[in-house]
Amino acid sequence: MNMKKKSAFIMKILLIIAGNIIDAAGFTLFVVPAGLITGGTSGLGLFVHRVSGVPVSTFVLIFNIVMLVIGFFLLGKKFAASTVLSSLCYPASIWLIERLSAGYVITDNIFLCTVMGGLLIGAGAGLVLRAGSSSGGLDIPSLIMHKYTRVPISAMIYVLDIIVLFLQAIWDFGDNVLYGIVLVLIYSIVIDKFQIIGKTMTQVKIISPRTLEIRDSIFAELDRGVTLVQSRTGYLEKDTEMLLSVVSNREIVKIHRIVKDIDPDAFMIVNRVSEVMGEGFTRPRI
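A.B. asks: I tried to follow the packing of helix H9 (residues 211-222) against helix H10 (residues 252-262) on my own but got confused; where do I start?
C.D. replies: In helix packing, the relevant descriptors are the interaxial angle and the interaxial distance, both defined with respect to the helix axes. Two elements in contact, H9 and H10, have axes whose closest approach is 10 Å; the angle formed by their N-to-C orientations is 140 degrees. Here H10 runs oblique to H9, going by the angle between their axes. The two elements H9 and H10 cross, and the hand of that crossing is right-handed. Taken together, the residues of H10 that come into contact with H9 (itself represented by Glu-213, Ile-214, Ser-217, Ile-218, Glu-221 and Leu-222) are Lys-254, Ile-255, Arg-257, Ile-258, Val-259 and Ile-262. Tallied by class, the residues present in the contact of H9 with H10 amount to seven nonpolar, one polar and four charged.

Spelled out as structure tokens, the structure:
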């Protein structure tokens, strides 16, 4: 393993550990003290704890190990290897934070607990997913169902979350259940946002009789690549060229200035794109 791959591997491990600690902090410091419900393995652990008294960290550890073994046989050892760290780190983080906090309550405001719990759980889970890992637990049944029935993974995860929320709602129905649903919505949105942090770019399409001048200015001032697309106007049916380029979100102001200075009458379309791959973005420029 060369130095670059070794550094990437170490960074991946650190992100997985940090993500699980943040996730566990949101759950232990805000969800549990407020009596909220939540989805996933943590929510299932809360249900079992309220019914039988088994500590959440103990249940999550046992459940994750069982799911990990099942995943090893049905999904392969490569999957198990990428999931084992999260499967063990998450319950260990819950146990450690429970001991360190020693029952200390940061706030008894259920609204703040809902928001902060959702933000931390979403950020933690988002980091784990950004690292290319899985949190294990209830993710594994979803992956197994997808493999053998082709049911979409996201759909299966939502179904399992709804079942877990329903189980908790039967045991303790009230305002906490409604806040718990809001909690799930918050961390779901945060997880989605984390997947595109640092990846979003801006795509510009420019139609102008002076596209070559605009192209040269983009080359000179931004050092960005452009593509000239042959096109035809809809009304007069004249052949023309459309300039296509992808720039960082901060560079769009410079694009506006370049186009305005060269051709104030140019037709420009600006789109936000969630990810760009290729030379100059995910690979070094040659």
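A.B. asks: Would you explain the sheet that holds strand E2 (residues 226-232) in this entry?
C.D. replies: Pairing between sheet strands relies on hydrogen bonds along the backbone, with the strands arranged either parallel or antiparallel. Ordered in space as E2-E3-E1-E4, the four strands form an open sheet in which the pairing is antiparallel. Bordering the open sheet on either side are E2 and strand E4 (267-273), each of which pairs with just one other strand. Ignoring which end each strand starts from, the neighbouring axes of this sheet average 20 degrees apart. Where strand E1 (residues 201-207) lies against strand E3 (residues 239-247), six bridges are found, and the strand directions are antiparallel. Of the residues in E3, the one forming a bridge with Thr-202 is Val-247. Docked against the sheet, H9 engages E1, E2 and E3, running at close to 15 degrees with respect to E3.

A.B. asks: Just to check I follow, could you spell out the nonpolar core for this structure?
C.D. replies: Proteins that are soluble and globular tend to have nonpolar side chains buried together. Phe-27, Val-31, Phe-59, Phe-63, Tyr-90 and Tyr-187 are the most contacted members of the largest nonpolar core, which has 37 residues in total. Taken together, the elements giving at least two residues each to this core come down to helix H1 (3-34), helix H2 (40-52), helix H3 (56-75), helix H4 (77-101), helix H5 (110-130), helix H6 (139-149), helix H7 (153-171) and helix H8 (175-196). Those residues in contact with Phe-63 that sit more than four places away from it in its chain are Thr-41, Leu-44, Gly-137 and Leu-138. In terms of nonpolar packing, the next biggest core, distinct from the first, is built from 14 residues, Ile-214, Val-247, Ile-252 and Val-259 among them.

A.B. asks: Just checking my understanding: could you explain the confidence of the model for the protein for this structure?
C.D. replies: Caution applies to low-pLDDT parts of the model: their predicted coordinates are not meant to be read in detail. Mean pLDDT for the protein: 85, with 94% of residues reaching 70 or above. No element of the protein has a lower mean pLDDT than H7, which averages 80, and none a higher one than H10, which averages 91.

A.B. asks: Teacher, can you tell me more about unusual backbone geometry here?
C.D. replies: With glycine set apart, most residues show a phi of negative sign, and most peptide bonds adopt trans. Backbone geometry at Asp-223 places phi at a positive 55 degrees, although glycine is not the residue there. With respect to the helices, strands and loops of the structure, Asp-223 is situated in the loop between H9 and E2.

A.B. asks: Where do I start with the pairing of E1 in this structure?
C.D. replies: By the criterion of burial, E1 is predominantly enclosed, with five of the seven residues buried. Strand direction decides the pairing type here: E1 and E4, joined by seven bridges, are antiparallel. The residue of E4 that forms the bridge with Thr-202 is Arg-272.

A.B. asks: Is there a simple way to explain the pattern of salt bridges in this structure?
C.D. replies: One side chain can pair with another of opposite charge once the charged atoms of both are near each other. Under the definition given, this model contains seven salt bridges. Between Glu-221 and Arg-257 there is a salt bridge whose closest N-O contact spans 2.5 Å. Taken together, the residues Glu-221 in helix H9 and Arg-257 in helix H10 connect sequence positions 36 residues apart. A relative accessible area of 42% places Glu-221 in the partly exposed class. On the basis of relative accessible area, Arg-257 is assigned to the partly exposed category, the value being 38%. Across the pair Arg-257 and Asp-261 runs a salt bridge, and its minimum N-O distance is 3.8 Å. Linking Arg-257 with Asp-261, this pair stays in helix H10, spanning four residues, or about one helical turn. What makes Asp-261 exposed here is its relative accessible area of 55%.

Each value, and the rule that gives it
- Residues numbered from 1 in each chain as written.
- Predicted model: local features only at pLDDT ≥ 70, side-chain atom pairs only at ≥ 80, totals over all residues.
- Heavy atoms only, no water.
- Axes fitted to C-alpha atoms, helices over the stretch in contact; angles between N-to-C directions.
- Helix = DSSP H or I, 4+ residues; strand = E, 2+ residues; numbered from the N terminus.
- Parallel < 35°, antiparallel > 145°, perpendicular 65-115°, else oblique.
- Left-handed = near helix turned anticlockwise from the far one by under 90°.
- Contact = heavy atoms within 4.5 Å.
- Nonpolar A, V, L, I, M, F, W, Y, C, P; charged D, E, K, R; others polar.
- Pairing = 2+ DSSP bridges.
- Core = buried A, V, L, I, M, F, W, Y, C linked by side-chain atoms within 4.5 Å.
- Buried < 20%, exposed > 50% of the residue type's maximum accessible area, 1.4 Å probe, protein only.
- pLDDT = per-residue confidence, 0-100.
- Salt bridge = Lys/Arg side-chain N within 4 Å of Asp/Glu carboxyl O.

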